[in-house]
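Below are the chains, spelled out letter by letter.
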Amino acid sequence: MSLTLTFAKGNTMLRRLAIAAFSLLSVAAAQAQDAEAGKTVFNQCRACHQIGENAKNGVGPQLNGVIGRKSGSVEGYAYTDANKNSGKTWDDATFLAYIKDPKASIPGTKMVFVGIKDEKKAADLLAYLKTFK
């Protein structure tokens, strides 16, 4: 009987763990990055940046393959010394910090954009940028 009760308690515990895990996954899915929404967010960037097959440097550098790239390294773009010497490599965390407040992230950058304060919009933008290798 003791073995049966232990199993029953364990089964209840497994159910509780499964419910908790499902709840966490549901929350994570709800907060997931949305590349399609990021395409809309990118409209704020279009005045200075291009992305896609025929992207060229403009007021800002083209953004193809930005994630994984060293700051200040797009050929043919005239970066400030602050960007070239920042030592940053664009990954998710670095990009999200930068896009929130570019001048605080790299003091001396010539990027005049005030930033994207909304974390969901910034994450969606990141997801969109990642679709362009």
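Residues numbered from 1 in each chain as written. Predicted model: local features only at pLDDT ≥ 70, side-chain atom pairs only at ≥ 80, totals over all residues. Heavy atoms only, no water.

1. Details of the overall build of the protein
The line we're drawing: Secondary structure elements follow DSSP: runs of H or I no shorter than four residues count as helices, runs of E no shorter than two count as strands, and numbering proceeds from the N terminus. Partly exposed residues are those whose accessible area sits between 20% and 50% of the maximum for their type, while under 20% is buried and over 50% is exposed, using a 1.4 Å probe and protein chains only. Contacts were defined at the residue level, with two residues in contact if any of their heavy atoms lie within 4.5 Å. Computed with a 1.4 Å probe, the accessible areas rest on the Shrake-Rupley method; for each residue, only the protein chains presented here act as cover.
From N to C terminus, the protein includes 6 helices and 0 strands. The order of helices and strands in the protein, counted from the N terminus, is α-α-α-α-α-α. Here the protein holds 133 residues, and the buried ones make up 32% of them. Of the contacts made within the protein by residues no fewer than 6 positions apart, 45% connect residues no fewer than 24 positions apart. With the model as given, the accessible surface of the protein reaches about 8700 Å², and the carbon-plus-sulfur share is 61%.

2. Quick word on the packing of helix H4 (residues 92-100) against helix H6 (residues 119-130)
Going by this rule: An axis is simply a line fitted to the C-alpha atoms; with a helix, the fit covers only the stretch in contact. Between two such axes, the angle follows the N-to-C directions and lies from 0 to 180 degrees. Any angle that is under 35 degrees is reported as roughly parallel, and any over 145 degrees as roughly antiparallel; angles of 65 to 115 degrees are reported as roughly perpendicular and all others as oblique. Left-handed describes a crossing in which the near helix is turned anticlockwise from the far one by less than a right angle; the clockwise case is right-handed. For this classification, Asp, Glu, Lys and Arg are treated as charged, while Ala, Val, Leu, Ile, Met, Phe, Trp, Tyr, Cys and Pro are nonpolar and the rest, including Gly, are polar.
Packing of H4 against H6 leaves a shortest axis separation of 10 Å and a crossing angle of 125°. Relative to H6, H4 is oriented oblique. Every pair of crossing elements has a handedness; the one defined by H4 and H6 is right-handed. Counting all contacts with H4, which are made through Asp92, Phe95, Leu96 and Ile99, the residues of H6 involved are Ala122, Ala123, Leu125, Leu126, Leu129 and Lys130. Across the contact of H4 with H6, the residue classes tally to 8 nonpolar, no polar and 2 charged.

3. Points about the environment of Asp34
Mapping Asp34 onto the fold places it in the loop between helix H1 (2-30) and helix H2 (35-41). Note on Asp34: relative accessible area 34%, which makes it partly exposed. In the structure, Asp34 is positioned 89 residues away from Ala123 in sequence and 7.6 Å away in space, judged by C-alpha atoms. Discounting chain neighbours no more than four positions away, the residues touching Asp34 are Lys120, Asp124 and Ala127.

4. Quick look at the environment of Ser73
Along the chain, Ser73 turns up in the loop between H2 and helix H3 (81-84). On a C-alpha basis, the gap between Ser73 and Lys84 in space is 6.9 Å, while along the polypeptide they are 11 residues apart.

5. Describing the nonpolar core
This is how it is decided: Among buried residues, the Ala, Val, Leu, Ile, Met, Phe, Trp, Tyr and Cys ones that are joined through side-chain atoms within 4.5 Å form a nonpolar core.
Phe42, Phe95, Ile99, Leu125 and Leu129 are the most contacted members of the largest nonpolar core, which totals 18 residues. Contributions of two or more residues to this core are made by H4 and H6. For this core, the element with the most residues is H6, which contributes 5 residues. Discounting chain neighbours no more than four positions away, the residues touching Leu125 are Gly38, Val41, Phe42, Cys45, Phe95, Ile99 and Ile116.

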